[in-house]
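Fold and geometry: a report
Chain residues, written in single-letter form:
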Amino acid sequence: MKILLIYPTDLISPDLLPHVGYAIYFRVNYPPTNLGYLASYLENAGHKVKILDCAVEKYNLDDIKQEIKHFNPDVVGITSNTQLIYGAMAIAKITKEINPNCLTIVGGSHVTYMAVESLAECPYIDVAVRGEGEETIYELLEKKREKWKDVRGITFRYNGKIIHNPDRGFIENLDEIPFPAYHLMPMKKYVAYGQLVDSWAHGQPFGGVLTSRGCPYNCAFCASKTLGKKWRIRSPENIIDEVRLLVDKYKRREIEFLDDSFTINEKRTEEICKLIKKEGLDISWFCSTRVDRFTKSMAHIMHNSGCHSVFFGIESGDQEILNFLNKGFDLERAEQSVKIAKKAGLNVITFFIIGTPLDTKDKIWKTINFAKKLKPTFALFNQLTPYPGTKIYEIAEEKNLFITKDWSKYITMSSPVIRIPGVTHEELKMFLKKANFSFYFTPSYFFTTLREIIVSKNTSKIIVDHIKMLVTSQY
Ligand code: B12
Ligand code: SF4
């Protein structure tokens, strides 16, 4: 079969401009890892597959139409999170307009929890694939429509009805999954920008490697359980083989380990770092993790193997809110881990949430002040956004807190989508700006950053890139 896999267009709204940290320090064109995995699975099964990354190509619907007409696929598979779901629906619609017989499948974190609703809202989607997609799409395409009732993990149309099959389990041995089909992606376009610190590979080819799937934690706002609650890991050797492929064949120098929490297991983390060194892989890399799964010993080994930055989800400066969000650590631990990382020479990027149902103006200031006290490299402040499938979504439903279910607004970085008792909607919007202003424009932060810009080897390139980004609003 001919299968076209599409990542919808992702034109980030100018609302994100207040996000100073992203604007100055960090901007990456990510490859669509999920479509890469699906593509290699399907190619191995003998299908002819093409990937269309409309986010990096900046394709509009007309461009996508031309691509569909040109490739003339039997199947169009679209990935979608909550924010992109209307884009996915629009692509399903034009697909059916071009060829009503082309099968349209949507997968990803939104339809995993909103499968029936999405099919009801968009008559152009034939099937929603819930959870991990590789085995499900393979089996779906092997079977005739009459047998789809036996395919676990799908929601589909049959005889005018929407049928919701039982869930599928998860793939146990991740080493058996072939590497993402990088040969089908426009690899030259995946680049990391925004280096103020010399170790950041400004303008370098970028690669993302997923070394594990699933997260055993239960943070109330997080939609990570799409890939399960069990932490499934790849072997260090298998991971290093993929890194080597990215370095040797695709000339990547900058790698992100995409895992939800890369350092859950200390021994495994250290093994991966040691292999990077032993294999002589000339990369600089970064990852996200939890403050309570981060140690002094691993921080040094990570830094020594090329790690330049860690992202920590700290979320709040108020312990009551941390407990409400079910984060499972205390403020002291957060402080300790930030210190450890900084001492080891790592940049630290911290995430914070404002607008939880327990927030008051005082508590939000506590969070902002805590962010400042930690002195991370930069901090990202987000509005609490209840994604389907999360505990917060259930709470917001139960307490009737939703202001809107226009999913295109579920981007966390601008207007809140729920109301909370302690702070008004307008005040919450304002707090996001105040948080950024207060964090970035303290004299010490401002001058440290300025000094970094001046000493950076890439200053002129960075300035030109930022002016370009500002002019085109392409953040
Ligand atoms: C890397 C990443 C990013 C990268 C995107 C990289 C890219 N081009 O893919 C960046 C940094 C840009 C990003 C941005 C955002 N992200 Co993000 N991101 C992730 C992260 C950490 C990993 C994604 C990944 O590669 N997963 C690995 C693949 C294998 O898993 P997968 O995507 O789920 O795909 C599998 C299945 O879902 C399914 N599947 C998926 N698509 C399809 C399509 C078909 C046809 C089929 C059959 C199956 C299928 O099969 C795949 C293989 O098994 C996830 C967390 C996570 N654990 O997944 C969050 C996550 C996807 N992001 C999330 C969010 C909220 C965001 C932001 C809104 C954050 C923000 N405030 O800006 C933005 C939105 C940007 C946008 N416009 O879409 C949420 C999504 C929640 C939701 N319901 O929407 C997640 C789940 C994080 C979380 N724990 O809550 N993100
Ligand atoms: S926020 Fe991080 S640790 Fe918490 S559930 Fe999500 S992925 Fe896991």
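Residues numbered from 1 in each chain as written. Chains lettered and ligands numbered in written order. Predicted model: local features only at pLDDT ≥ 70, side-chain atom pairs only at ≥ 80, totals over all residues.

**Some points on the overall build of the protein**
- When its secondary structure is counted, the protein shows 18 helices and 17 strands.
- For the protein, the C-alpha radius of gyration of 22 Å lies close to 23 Å, the compact-globule estimate for 475 residues.
- Seen through its principal axes, the protein has C-alpha atoms that stretch 65 × 55 × 45 Å.
- Looking at the 475 residues of the protein, the share that counts as buried comes to 44%. (Helix = DSSP H or I, 4+ residues; strand = E, 2+ residues; numbered from the N terminus. Rg over C-alpha atoms; globule rule 2.2 N^0.38 Å. Buried ≥ 20, exposed ≤ 12 C-beta atoms within 10 Å, placed from the backbone.)

**Re the site of ligand 1**
- The local shell around ligand 1 holds 37 residues, among which Gly77, Thr79, Asn81, Gly107 and Gly133 are the closest.
- Broken down by secondary-structure element, the contributors of at least two residues to the shell around ligand 1 are helix 2 (33–44), strand 4 (75–79), strand 5 (103–107), helix 6 (109–113) and helix 8 (134–142).
- Ranked by residues supplied to the shell around ligand 1, first place goes to helix 2 with four residues.
- Counting contributing residues per domain, the shell around ligand 1 is built from domain 1 (2–164) and domain 2 (190–471), each supplying no fewer than three. (Near = placed C-beta within 6 Å. Domains from an automatic or database assignment.)

**Description of the domain arrangement of the protein**
- The assigned domain composition of the protein is domain 1 (2–164) and domain 2 (190–471).
- A separation of 26 Å is found between the C-alpha centroids of domain 1 and domain 2.
- In this assembly, 28 residues from domain 1 lie in contact with 30 residues from domain 2.
- Going through the elements one at a time, helix 1 (20–25), strand 2 (27–28), helix 5 (85–98) and helix 6 are the ones with two or more residues in the side of domain 1 that touches domain 2.
- Sorting elements by how many residues they give to the side of domain 1 that touches domain 2 places helix 1 first, with five residues.
- Looking at the side of domain 1 that touches domain 2, its residues break down into 15 nonpolar, 10 polar and three charged. (Contact = placed C-beta atoms within 7 Å. Nonpolar A, V, L, I, M, F, W, Y, C, P; charged D, E, K, R; others polar.)

**Regarding the sheet that holds strand 9 (residues 191–193)**
- If you trace the eight strands from one edge of the open sheet to the other, you get 2-9-10-13-14-15-16-17, paired in mixed fashion. Looking at strand neighbours, the two that pair on one side only are strand 2 and strand 17 (378–383), the edges of this open sheet.
- The pairing of strand 16 (residues 347–354) with strand 17 spans six bridges and is classified as parallel. Paired with Phe352 across the strands is Phe381, a residue of strand 17.
- Sheet contacts for helix 9 (residues 236–248): strand 10 (204–209) and strand 13 (254–257); angle to strand 10, the most-contacted strand, approximately 160°. (Pairing = 2+ DSSP bridges. Axes fitted to C-alpha atoms, helices over the stretch in contact; angles between N-to-C directions.)

**Re the site of ligand 2**
- Within the structure, ligand 2 sits among Cys215, Tyr217, Asn218, Cys219, Cys222, Ser224, Asp260, Ser261, Arg290 and Gly313.
- Classifying every residue of the shell around ligand 2 by side-chain character gives four nonpolar, four polar and two charged.

**Side note on the nonpolar core**
- Membership of the largest hydrophobic core comes to 119 residues, with the highest contact counts inside it found for Leu5, Ile6, Ala128 and Ile354.
- Those residues in contact with Leu5 that sit more than four places away from it in its chain are Leu35, Leu38, Ala39, Val49, Ile51 and Gly77. (Core = buried A, V, L, I, M, F, W, Y, C linked by C-beta atoms within 7 Å.)

**Digging into the packing of helix 14 (residues 361–374) against helix 16 (residues 425–440)**
- Relative to each other, helix 14 and helix 16 sit at 25°, their axes nearing to 10 Å. One finds that helix 14 runs roughly parallel with respect to helix 16. Considering only the axes of helix 14 and helix 16, their crossing is right-handed. In this structure, helix 14 uses Ile364, Ile368, Ala371 and Lys372 to contact helix 16, whose residues at the interface are Phe431, Ala435, Ser438 and Phe439.
- Per-class residue counts for the contact of helix 14 with helix 16 are six nonpolar, one polar and one charged. (Parallel < 35°, antiparallel > 145°, perpendicular 65-115°, else oblique. Left-handed = near helix turned anticlockwise from the far one by under 90°.)

**Let's talk about the packing of helix 10 (residues 266–278) against helix 11 (residues 296–304)**
- With their axes 9 Å apart at the nearest point, helix 10 and helix 11 run at an angle of 20° to one another. On the basis of their axis angle, the class for helix 10 and helix 11 is roughly parallel. Helix 10 and helix 11 meet at a crossing whose hand is left-handed. Contacts between helix 10 and helix 11 involve Glu266, Thr269, Glu270, Cys273 and Lys277 from the first element and Met298, Ile301, Met302 and Asn304 from the second.

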